[in-house]
Amino acid sequence: MAENTALEFFDDRANGKLLARVDGRTAGVIAYFVMDGTPAALVAVHTVVEPEHQGKGFAGALVQEFYAMADREGVPVVPLCPYAAKWALGHPDQAPVAPTELVEQAKQQLKSHPEL
């Protein structure tokens, strides 16, 4: 990260949000869903950083934590979020590529559940 700000992460699974907090306040969020079926997957849909925290590396830190969270759970990530997908391309050692079939299943699930 560009500055020495301590980020804390909070997985609000019930609401499909991985939150990054600074001093107890939300600085950024990845909206995601857990894909139905086998294998399960975590699907990143949007990454947003609050304007006052932009340019500090928080978006990258969020995506890195999202991949780490999936790794701890033993499931793949499907990065439908354009930022997450771009980050993954630049960090192949931390972001394994999801199988094409899984990506297509995630796209279909997102299309059939626009509220996600």
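Residues numbered from 1 in each chain as written. Predicted model: local features only at pLDDT ≥ 70, side-chain atom pairs only at ≥ 80, totals over all residues. Heavy atoms only, no water.

**Some thoughts on the side chain of Thr-47**
What counts here: A run of H or I in DSSP counts as a helix once it spans at least four residues, and a run of E counts as a strand once it spans at least two, with each numbered from the N terminus. In what follows, residue pairs with any heavy atoms lying within 4.5 Å of each other are defined as contacts.
Secondary-structure assignment places Thr-47 in strand β4 (residues 41–49). Those residues in contact with Thr-47 that sit more than four places away from it in its chain are Val-29, Ile-30, Ala-59, Val-63, Cys-81 and Tyr-83.

**Quick look at the packing of aromatic side chains**
What characterises a pair of aromatic rings is the spacing of the ring centres plus the angle enclosed by the ring planes. For clarity, the cut-off: A pair of aromatic rings is counted whenever rings of Phe, Tyr or Trp (Trp by its six-membered ring) have centres within 6.5 Å, and the orientation is called stacked for planes under 30 degrees apart, edge-to-face for over 60 and tilted otherwise.
In the structure shown here, the tally under the stated rule is two aromatic pairs. Measuring from centroid to centroid gives 5.2 Å for Tyr-32 and Phe-66, while their planes differ by 65 degrees, and the two rings are edge-to-face. Taken together, the residues Tyr-32 in strand β3 (residues 25–35) and Phe-66 in helix α1 (residues 58–73) connect sequence positions 34 residues apart.

**Thoughts on the pairing of β3**
What counts, and what does not: By definition, two strands form a pair when at least two bridges between them are found by DSSP.
Of the strand pairs in this sheet, strand β2 (residues 17–22) and β3 are connected by six bridges, and their pairing is antiparallel. Looking at β3, one finds that Leu-19 is bridged to Val-29. Connecting β2 to the antiparallel partner β3 that follows it, the hairpin turn spans two residues, and Asp-23 within it adopts a positive phi of roughly 50 degrees. Here eight bridges tie β3 to β4, and the two strands are oriented antiparallel to one another. Looking at β4, one finds that Val-34 is bridged to Leu-42. Taking the residues between adjacent antiparallel strands as the criterion, β3 and β4 are bridged by five residues, where Gly-37 takes a positive phi near 100 degrees.

**Describing the pattern of salt bridges**
Selection rule: In the sections that follow, a salt bridge refers to a side-chain nitrogen of Lys or Arg positioned within 4 Å of a carboxyl oxygen of Asp or Glu. Accessibility here uses a 1.4 Å probe with only protein chains present; expressed as a share of the type maximum, an area under 20% marks a residue as buried, one over 50% as exposed, and anything in between as partly exposed.
Applying the stated criterion to the full structure yields four salt bridges. Linking Glu-73 and Arg-13 is a salt bridge whose minimum nitrogen-to-oxygen distance equals 2.5 Å. Separated by 60 residues along the polypeptide, Glu-73 in helix α1 and Arg-13 in the loop between β1 (8–12) and β2 bring together distant segments of the chain. Here Glu-104 and Lys-107 are joined by a salt bridge, their closest N and O atoms 3.8 Å apart. Within this pair, Glu-104 and its partner Lys-107 are both found in helix α3 (residues 100–112), separated by three residues, close to a single helical turn. Taking relative accessible area as the criterion, Glu-104 reaches 39% and is therefore assigned partly exposed. One network of salt bridges, in which partners are shared, links Asp-11, Arg-13 and Glu-73.

**Digging into the layout of surface pockets**
Using a probe with the size of a water molecule, rolled over the atoms, empty space left in the structure can be pinpointed. So the rule is basically this: Think of a 1 Å grid over the protein atoms and nothing else: a 1.4 Å probe that fits but is trapped marks a cavity, an open set flanked by protein within 12 Å on at least five of seven lines marks a pocket, and residues with an atom within 4 Å of a point count as lining. Grid points are joined across faces, edges and corners, and a volume is the space filled by probe spheres set on the points. Here the term charged refers only to Asp, Glu, Lys and Arg, the term nonpolar to Ala, Val, Leu, Ile, Met, Phe, Trp, Tyr, Cys and Pro, and the term polar to all other amino acids, Gly among them.
If you add up the space inside the largest pocket, you get close to 200 Å³. The residue makeup of the lining of the largest pocket, split by class, is 11 nonpolar, no polar and no charged.

**Quick word on the packing of α1 against helix α2 (residues 82–90)**
Put simply, the rule reads: Geometry is summarised by axes, namely lines fitted to C-alpha atoms with helices restricted to the contacting stretch, and by angles between N-to-C directions that run from 0 to 180 degrees. Angle categories are assigned with fixed cut-offs, so that under 35 degrees is roughly parallel, over 145 is roughly antiparallel, 65 to 115 is roughly perpendicular, and the rest are oblique.
Between α1 and α2, the shortest axis-to-axis distance is 10 Å and the interhelical angle comes to 75 degrees. As far as their axial angle goes, α2 and α1 are roughly perpendicular. In contact with Ala-59, Gly-60, Val-63, Gln-64 and Tyr-67 of α1, α2 contributes Tyr-83, Ala-84, Trp-87 and Ala-88.

**So, α3**
Every α-helix carries 3.6 residues per turn, so stepping three or four residues along brings you back to the same face. Heads up, the condition is: To estimate how far a helix should extend, the number of its residues minus one is multiplied by 1.5 Å. The arc refers to the directions leading from the helix axis to the C-beta atoms.
Taking 1.5 Å as the rise per residue, α3 with 13 residues should run 18 Å; its terminal C-alpha atoms sit 19 Å apart, in good agreement. What α3 keeps buried is the set Leu-102, Val-103, Ala-106 and Gln-109. The buried residues of α3 occupy an angular sector of 125 degrees when projected down its axis, which confines them to one face. Those residues of α3 that are exposed and angled more than 90 degrees off the buried face are Thr-100, Glu-101, Lys-111 and Ser-112.

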